[in-house]
Amino acid sequence: MTSLSSALQERGSELVSGGLDALETLGKKTVAVLTEDDPGFRSKRQRLIQGNQPNLSEVLREAHAQREAALANVDSDQPTSGIKHVHFTGLFDEYQGLVHLEALELLSRQCSARVDVMRSDVDKSVLAPVKSMSARFAEEKERAEQEEEGEEEEGGDVDAEKRIALLEEIVGRLGLAVTSEKLTKVVRESDSRLATCNATDETAEGITAEIVYEEGLRSLAQTAAASMEFFHKAAELILLPQEPDSVSIKDRSEAFLSLCDELCKHISSYAGVFAACINALDSSDAATTHSTSLFLEAANSCSYVQDACQLVLPALQQAYLSQASDH
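Being a predicted model, the structure only gives us computed values, none of them experimental.

Draft legend 1. Seen up close, the overall build of the protein chain. When its secondary structure is counted, the protein chain shows 13 helices and zero strands. In the protein chain, the succession of α and β elements from N to C terminus is α-α-α-α-α-α-α-α-α-α-α-α-α. In the protein chain, which comprises 327 residues, the share counted as buried stands at 46%. In the protein chain, of all internal contacts separated by at least 6 residues, the share reaching a separation of at least 24 is 85%.

The following block contains the structure:
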């Protein structure tokens, strides 16, 4: 690792920990720029934080459609800024994130309906673990929301091999016939993209803030999409008959929550280091908008991963009640 690489990673850690403060400082001006460039940006953020919101996949599809419609109306001869070249929801869809999210939402709704019916057919004492699961997931959701508001901020560690080993360990604790292959793949590819921004003076020719921004955005979208696929497949496997000595429902629930937390740390860490690379390459207002956009989309990505994890809860509850009714 070159001295430049070390400096950038150190700066990335600082940017992650101070990211939300930076966003607050940039304020309305930056958000206005992003909203102008992404017609679905403002409505997407507002609808996700309001109560009684529609399905996450519906919000993302709407934002993507608005984006495509806006680009279709742009004169092809009109100069465009770099930030228009790629867009998170488009990349998320390209990596099949929306497909798996929609399937997970459907499965979750079906499981939730079955759980409501099954509750009336079992002894009240059997429902205690179900209530405990709900409380634990709600507690984790509240903690995540507090972190998003800036009360806590994790990140800065971009040791790919260390993160891969941890992901593999957590997935193993689920006790399901699912591998961490897709998740570890996106970690390796994020690390490979990061090498672009950590280039030495001899190989850095042609690397711009725009290129680093696009690489960072791809890493965020790919990680979020791979997370949707994993949670979708895992939820399906939960519903299959399990061996009597398989992982307890409590341990499996904790493993899912740990996995969600680790994926969000990965997203935050890499967003910070990519943003550091952008700032090291360019100090213009456009570059600042790029780095700020990465932090905003990293926060969005973490929210999507957390929502997907929450959607697994009804499947866990149905599996538990099915096993309880068989005994």
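Moving on, there is more to tell.
Draft legend 2. Quick peek at the nonpolar core. One finds Phe230, Phe231, Phe256, Leu259 and Leu321 to be the most contacted residues of the largest nonpolar core, which totals 77 residues. When near neighbours in sequence (up to four residues on either side) are disregarded, Phe231 contacts Leu104, Phe256, Leu259, Cys260, Leu263, Val305, Ala308, Cys309 and Val312.

Draft legend 3. Focus on the packing of aromatic side chains. Applying the stated criterion across every chain, the model contains five aromatic pairs. Judged by centre distance (6.2 Å) and plane angle (50°), the rings of Phe92 and Tyr304 are tilted. Remark: Tyr304 occurs in helix α12 (residues 285-311) and Phe92 occurs in helix α5 (residues 88-94); sequence separation between them is 212 residues. Like Phe92, the residue Tyr304 is buried in the burial classification. With 6.2 Å between their ring centres and 35° between their planes, Phe231 and Phe256 make a pair best called tilted.

Draft legend 4. Structural context of unusual backbone geometry. Of note in this structure, Gln96 is not a glycine but carries a positive phi near 70°. If you trace the backbone, Gln96 turns up in the loop between α5 and α6 (97-119). On the basis of relative accessible area, Gln96 is assigned to the partly exposed category, the value being 40%.

Draft legend 5. Local environment of the packing of helix α8 (residues 160-174) against helix α9 (residues 181-197). Contact geometry of α8 with α9 gives a least axis separation of 10 Å together with a crossing angle of 170°. Here α8 lies roughly antiparallel to α9, going by the angle between them. On α9, the residues that touch Ala160, Glu161, Arg163, Ile164, Leu167, Glu168 and Val171 of α8 are Leu183, Thr184, Val187, Arg188 and Asp191. Along the lines of polarity and charge, the residues of the contact of α8 with α9 split into six nonpolar, one polar and five charged.

Draft legend 6. Up close: α12. Taking 1.5 Å as the rise per residue, α12 with 27 residues should run 39 Å; its terminal C-alpha atoms sit 39 Å apart, in good agreement. Along α12, 20 of the 27 residues are buried, which leaves the element largely enclosed by surrounding structure.

Draft legend 7. Local environment of the side chain of Ser227. Checked against the element boundaries, Ser227 lands in helix α10 (residues 209-238). Ignoring sequence-local partners within four residues, the contact set of Ser227 consists of Leu183, Leu263 and Val305.

Draft legend 8. Structural context of the confidence of the model for the protein chain. Here the protein chain shows a mean pLDDT of 78. Residues at 70 or above account for 69%. Considering only residues more than four positions removed or in separate chains, one finds that residues 11-52, a stretch of pLDDT under 50, has 72 contacts. Note on residues 79-84: pLDDT under 50 across the span, and 15 contacts to partners over four residues away in sequence or across chains.

Draft legend 9. Layout of the environment of Glu147. Among the structural elements, Glu147 can be located in helix α7 (residues 128-148). Along the chain, Glu147 and Ala299 lie 152 residues apart, while their C-alpha atoms are 10.0 Å from each other.

Draft legend 10. Region of the structure containing the pattern of salt bridges. Going through the model one piece at a time under the given rule, you end up with 15 salt bridges. Taking the shortest distance from any N to any O, the salt bridge between Lys233 and Glu229 comes out at 2.8 Å. Here Lys233 and its partner Glu229 are both found in helix α10, four residues apart, which amounts to about one turn of the helix. The exposure class of Lys233 is partly exposed, given its relative accessible area of 37%. A residue is classified by how much of its surface remains accessible, and Glu229, at 11% relative accessible area, is buried. Ionic contacts of the salt-bridge type, sharing partners, join the residues Arg136, Glu139, Glu140, Arg143, Glu254, Asp261 and Lys265 into one network.

Reading the values: the criteria
- Residues numbered from 1 in each chain as written.
- Predicted model: local features only at pLDDT ≥ 70, side-chain atom pairs only at ≥ 80, totals over all residues.
- Heavy atoms only, no water.
- Helix = DSSP H or I, 4+ residues; strand = E, 2+ residues; numbered from the N terminus.
- Buried < 20%, exposed > 50% of the residue type's maximum accessible area, 1.4 Å probe, protein only.
- Contact = heavy atoms within 4.5 Å.
- Core = buried A, V, L, I, M, F, W, Y, C linked by side-chain atoms within 4.5 Å.
- Phe/Tyr/Trp six-rings, centres within 6.5 Å; stacked < 30°, edge-to-face > 60°.
- Axes fitted to C-alpha atoms, helices over the stretch in contact; angles between N-to-C directions.
- Parallel < 35°, antiparallel > 145°, perpendicular 65-115°, else oblique.
- Nonpolar A, V, L, I, M, F, W, Y, C, P; charged D, E, K, R; others polar.
- Expected span 1.5 Å × (residues − 1).
- pLDDT = per-residue confidence, 0-100.
- Salt bridge = Lys/Arg side-chain N within 4 Å of Asp/Glu carboxyl O.

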